[in-house]
Amino acid sequence: MNFVNDSPHESTENVSVIFIMTIDQSKLSNSNTQFAIIDKYSAVPSEQEILFTMHSVFRAVEIKQMAENSRLWEAHLTITDENDPQLSTLTDRIKQEINDEGWHRMDKLMLKVGHFDQAEELYNELLKNASTESNRAHIYQQLGISKNDQGKYPEASKFYEKSLEIKRKTLSEDDDALAPIYSNIGSVHTNMGEYSKALEFYEKSLKIHEISLPTNHSDFASSYNNIGHVYNNMGEYSKALEFYEKSLKIHEISLPPNHTSLATS
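Residues numbered from 1 in each chain as written. Predicted model: local features only at pLDDT ≥ 70, side-chain atom pairs only at ≥ 80, totals over all residues. Heavy atoms only, no water.

A.B. asks: So what exactly am I meant to see when it comes to the packing of helix α4 (residues 133–149) against helix α6 (residues 179–191) here?
C.D. replies: Between two packed helices, the angle of one axis relative to the other and the distance separating the axes together describe the packing. One way to put it is that α4 packs onto α6 with a least axis distance of 11 Å and a crossing angle of 25°. Classed by the angle they form, the pair α4 and α6 counts as roughly parallel. For the pair α4 and α6, the sense of crossing is left-handed. For the pair α4 and α6, the contacting residues are Gln-141, Ile-145 and Asn-148 in the first and Pro-180, Ile-181, Asn-184, Ser-187, Val-188 and Asn-191 in the second. (Axes fitted to C-alpha atoms, helices over the stretch in contact; angles between N-to-C directions. Helix = DSSP H or I, 4+ residues; strand = E, 2+ residues; numbered from the N terminus. Parallel < 35°, antiparallel > 145°, perpendicular 65-115°, else oblique. Left-handed = near helix turned anticlockwise from the far one by under 90°. Contact = heavy atoms within 4.5 Å.)

Written as structure tokens, this is what we have:
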């Protein structure tokens with residue numbers, strides 16, 4: 001199977017890279033993924049082409065540059081399906097992270113894949129029909145996340161502050177529901193280079209976690225990582241390393257070995 005990818009290189013020059021993908025056909029008979037061998041119908045029968053369904057997922061086992069041609073790469077792929085234990089573990093984890101219901105779950109998914117305009121359009125509709133203050137606070141928080149991911153930090157800050165204002169009316173200062181919003185506000189200040197303010201809000205979030213969560217909870221890892229990121233930006237590398245290592249230890253316990261957050265740590 002050949003795939004040509006025309007993409008911009010780090011320089012201004014466009015580079016075409018050909019990936020030669022070899023697939024172990026002996027494993028296809030055990031897979032639930034539908035496919036069709038189209039050798040007889042292909043314009044180039046010698047390529048032994050296989051047509052896979054759109055939802056097919058492959059794991060890249062190895063990708064290496066060919067010694068005889070630096071523009072040629074060889075990729076060894078393994079087909080996966082719902083019976084693949086690693087894929088199932090990762091899928092289940094993503095489902096846990098998008099832990100909302102109805103339209104809110106759809107919005108979280110759209111934010112996760114970067115469809116910000118569609119997500120914001122839906123959130124604004126949900127805001128018009130919000131039946132409770134708690135629901136409004138949640139929507140403001142999600143709009144803040146969308147603006148922050150787009151680099152619109154002042155707008156993100158305004159939405160986060162609206163969410164925090166509503167939550168503070170009904171919650172105590174050490175309520176666990178305030179921790180995410182403090183963390184989000186800290187993220188905005190980090191992105192704007194306001195590191196002292198960022199640390200202030202990240203530490204508020206961490207203090208709440210220390211009261212309400214077990215020490216190996218994944219939210220601790222996020223707090224430690226956020227604080228480490230601020231210290232790294234401030235040039236205080238020893239402190240940054242200390243918090244990054246705390247985050248990594250928790251991720252190693254709480255996440256599957258192929259989770260992207262573990263790679264980030």
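Following the structure, the description resumes.
A.B. asks: Would you explain the environment of Asp-174 in this entry?
C.D. replies: With respect to the secondary-structure elements, Asp-174 resides in the loop between α5 (153–170) and α6. When the C-alpha atoms of Asp-174 and Ile-208 are compared, they prove to be 5.3 Å apart, with 34 residues separating the residues in sequence. When neighbours within four sequence positions are excluded, Asp-174 is seen to be in contact with Ile-208 and Ile-211. Here the side chain of Asp-174 touches Ser-172 through a polar contact of 2.8 Å, side chain to side chain. (Polar contact = N/O pair within 3.5 Å; in protein donor to acceptor, adjacent residues only side chain to side chain.)

A.B. asks: Mind showing me how you'd approach the pairing of strand β5 (residues 57–65) here?
C.D. replies: Along any regular strand, the residues point their side chains to alternate faces of the sheet. Strand direction decides the pairing type here: β5 and strand β6 (residues 72–80), joined by eight bridges, are antiparallel. Bridged to Ala-60 within β6 is Leu-77. If you look at the hairpin formed by β5 and β6, you'll find six residues sitting between the two strands. (Pairing = 2+ DSSP bridges.)

A.B. asks: Help me understand helix α9 (residues 237–254) in this model?
C.D. replies: Counting along an α-helix, one turn takes 3.6 residues, and residues three or four places apart therefore face a common direction. With 18 residues, α9 extends 26 Å from end C-alpha to end C-alpha; this agrees with the ideal 26 Å at 1.5 Å per step. Among the residues of α9, those classed as buried are Ala-240, Phe-243, Ser-247, Ile-250 and His-251. Around the axis of α9, the buried residues are gathered within 105° of arc, so they sit on the same side. Away from its buried face by more than 90 degrees, α9 exposes Tyr-237, Ser-238, Lys-249, Glu-252 and Ile-253. The inward-facing, buried residues of α9 abut α8 (218–233) and α10 (260–264). (Expected span 1.5 Å × (residues − 1). Buried < 20%, exposed > 50% of the residue type's maximum accessible area, 1.4 Å probe, protein only. Arc of directions from axis to C-beta.)

A.B. asks: Help me understand the nonpolar core, please; the structure alone is not making it clear to me.
C.D. replies: For soluble globular proteins, the rule of thumb is that nonpolar side chains tend to be buried together. Counting residues in each nonpolar core, the largest one holds 14 residues, and the members touching the most others are Phe-220, Tyr-224, Ile-227 and Tyr-231. Elements supplying a minimum of two residues to this core: α7 (195–212), α8 and α9. Per element, the largest residue contribution to this core is six residues, and it comes from α8. Excluding anything up to four places from it in sequence, Ile-227 contacts Leu-199, Tyr-202, Glu-203, Leu-206 and Phe-243. (Core = buried A, V, L, I, M, F, W, Y, C linked by side-chain atoms within 4.5 Å.)

A.B. asks: Can you walk me through the side chain of His-209 in this structure?
C.D. replies: Its location among the elements puts His-209 in helix α7. Within the structure, His-209 has its side chain in polar contact with the side chain of Ser-223 (distance 3.5 Å). In contact with His-209, other than residues within four places in its own chain, are Asp-176, Ala-179, Asp-219, Phe-220 and Ser-223.

A.B. asks: I'm lost on the UniProt feature "repeat: TPR" (unreviewed entry) in the protein in this one. Help?
C.D. replies: Per the UniProt record, the feature "repeat: TPR" (unreviewed entry) sits at residues 137–170, 179–212 and 221–254. Split by type, residues 179–212 is 91% helix and 0% strand. Its first and last C-alpha atoms lie 10 Å apart. Between the C-alpha atoms that bound residues 221–254 there is a distance of 9 Å. The span itself is 91% helix and 0% strand. (UniProt positions renumbered as here; feature names shortened; annotations may be inferred.)

A.B. asks: I keep staring at the packing of α7 against α8 and nothing clicks. Help me out?
C.D. replies: Running from N to C, α7 and α8 point in directions that differ by 160°, and their axes come no closer than 10 Å. Here α7 is positioned roughly antiparallel relative to α8, judged by the angle of their axes. α8 is crossed by α7, and the crossing has left-handed handedness. Counting all contacts with α7, which are made through Tyr-195, Ala-198, Leu-199, Tyr-202, Glu-203, Ser-205, Leu-206, His-209 and Glu-210, the residues of α8 involved are Asp-219, Phe-220, Ser-223, Tyr-224, Asn-226, Ile-227, Val-230, Tyr-231 and Asn-233. Looking at the contact of α7 with α8 residue by residue, the classes come out as ten nonpolar, five polar and three charged. (Nonpolar A, V, L, I, M, F, W, Y, C, P; charged D, E, K, R; others polar.)

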